[in-house]
Amino acid sequence: MRTRLALAGMILTTTAALAEPQVVRLMDDKVATITAADGMEVLSISASGSEQVEMLSGAEVDIVAVADGGENEALFGAPLVVASVTGTQTCDGGDPLDYYVVKLGLFPEDPFGPLTSCVPLAVKAEDGVVTLIAPGRPDVPSWTWTAATGFVQREN
């Protein structure tokens, strides 16, 4: 009987831990939260204390870059979150990742993307440009994103 109670307690504790948000980032008055639901992860955006808007979902969602604060808001038109989501494309030598840019203005915009890569990309957001590149991999395309052009492939 004690073993069953202990096992039930462990299951309840594990379930409760999985139901809690995995990541919370504060950006100005915005909150980006990644939660697990039904075997998927969901990235939601909200103003502090208000209803969350679901932006992205997938088997695994990660925030890979944040560009917030007054200077970045002026350059990009709003704070930005760059997120990666496990992709569905087939890759020969790696797991596909879909990259998205989410602008967090008064009302969060639909995510820009996906930009799919078979290797993880490093992300840098500065001077009004988001750059995605695979360091040390000249065979992998690199990309830039601006609010005016969206994603554009760069020459390596």
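Values in this document were obtained by computation on a predicted structure and should not be read as measured data.

**Focus: the overall build of the chain**
For step 1, the next point in the chain: Along its length, the chain carries two helices and twelve strands.
For step 2, the next point in the chain: Every one of the 156 residues in the chain was classed for burial, and the buried ones make up 36%.
For step 3, the next point in the chain: A separation of at least 24 residues holds for 29% of the contacts in the chain among residues at least 6 apart in sequence.
For step 4, the next point in the chain: Roughly 9200 Å² of accessible area belongs to the chain as shown, and the carbon and sulfur atoms make up 54% of that amount.

**A look at the sheet that holds strand β8 (residues 112–117)**
For step 1, the next point in the chain: Reading across from one edge, β5-β6-β7-β8 is the order of the four strands in this open sheet, with antiparallel pairing throughout. Looking at the sheet topology across the chains shown, the edges are occupied by β5 (61–67) and β8. With strand direction ignored, the average angle separating the axes of adjacent strands in the sheet is 20 degrees.

**Some thoughts on the sheet that holds strand β12 (residues 150–154)**
For step 1, the next point in the chain: Strand order in this open sheet of four strands is β9-β10-β11-β12, and the pairing throughout is antiparallel. A strand with exactly one partner marks an edge of an open sheet, and here the two such strands are β9 (122–126) and β12. The average angle at which neighbouring strand axes cross in this sheet is 20 degrees, direction not considered.
For step 2, the next point in the chain: Of the strand pairs in this sheet, strand β11 (residues 142–146) and β12 are connected by five bridges, and their pairing is antiparallel. Within β12, the residue paired with T144 across the bridge is V152.

**So, the confidence of the model for the chain**
For step 1, the next point in the chain: Averaged over all residues, the pLDDT of the chain equals 82, while 84% of them reach at least 70.
For step 2, the next point in the chain: Considering each helix and strand of the chain separately, the mean pLDDT is smallest for helix α1 (residues 2–19), with a value of 41, and largest for strand β10 (residues 129–133), with 96.
For step 3, the next point in the chain: Low confidence marks residues 1–17, where pLDDT is under 50. Its contacts with residues over four positions away, or in another chain, come to zero contacts.

**Describing the pattern of salt bridges**
For step 1, the next point in the chain: In this structure the tally under the stated criterion is three salt bridges.
For step 2, the next point in the chain: Notably, a salt bridge pairs K103 with E109, separated by 3.9 Å at the nearest N-O pair.
For step 3, the next point in the chain: Judged by relative accessible area, E109 falls into the partly exposed class, the value being 32%.
For step 4, the next point in the chain: Residues R137 and D139 are paired through a salt bridge, measuring 2.9 Å at the closest nitrogen-oxygen approach.
For step 5, the next point in the chain: What makes D139 exposed here is its relative accessible area of 56%.

Cut-off values and rules
- Residues numbered from 1 in each chain as written.
- Predicted model: local features only at pLDDT ≥ 70, side-chain atom pairs only at ≥ 80, totals over all residues.
- Heavy atoms only, no water.
- Helix = DSSP H or I, 4+ residues; strand = E, 2+ residues; numbered from the N terminus.
- Buried < 20%, exposed > 50% of the residue type's maximum accessible area, 1.4 Å probe, protein only.
- Contact = heavy atoms within 4.5 Å.
- Areas by Shrake-Rupley, 256 points an atom, 1.4 Å probe, with all protein chains shown as cover.
- Pairing = 2+ DSSP bridges.
- Axes fitted to C-alpha atoms, helices over the stretch in contact; angles between N-to-C directions.
- pLDDT = per-residue confidence, 0-100.
- Salt bridge = Lys/Arg side-chain N within 4 Å of Asp/Glu carboxyl O.

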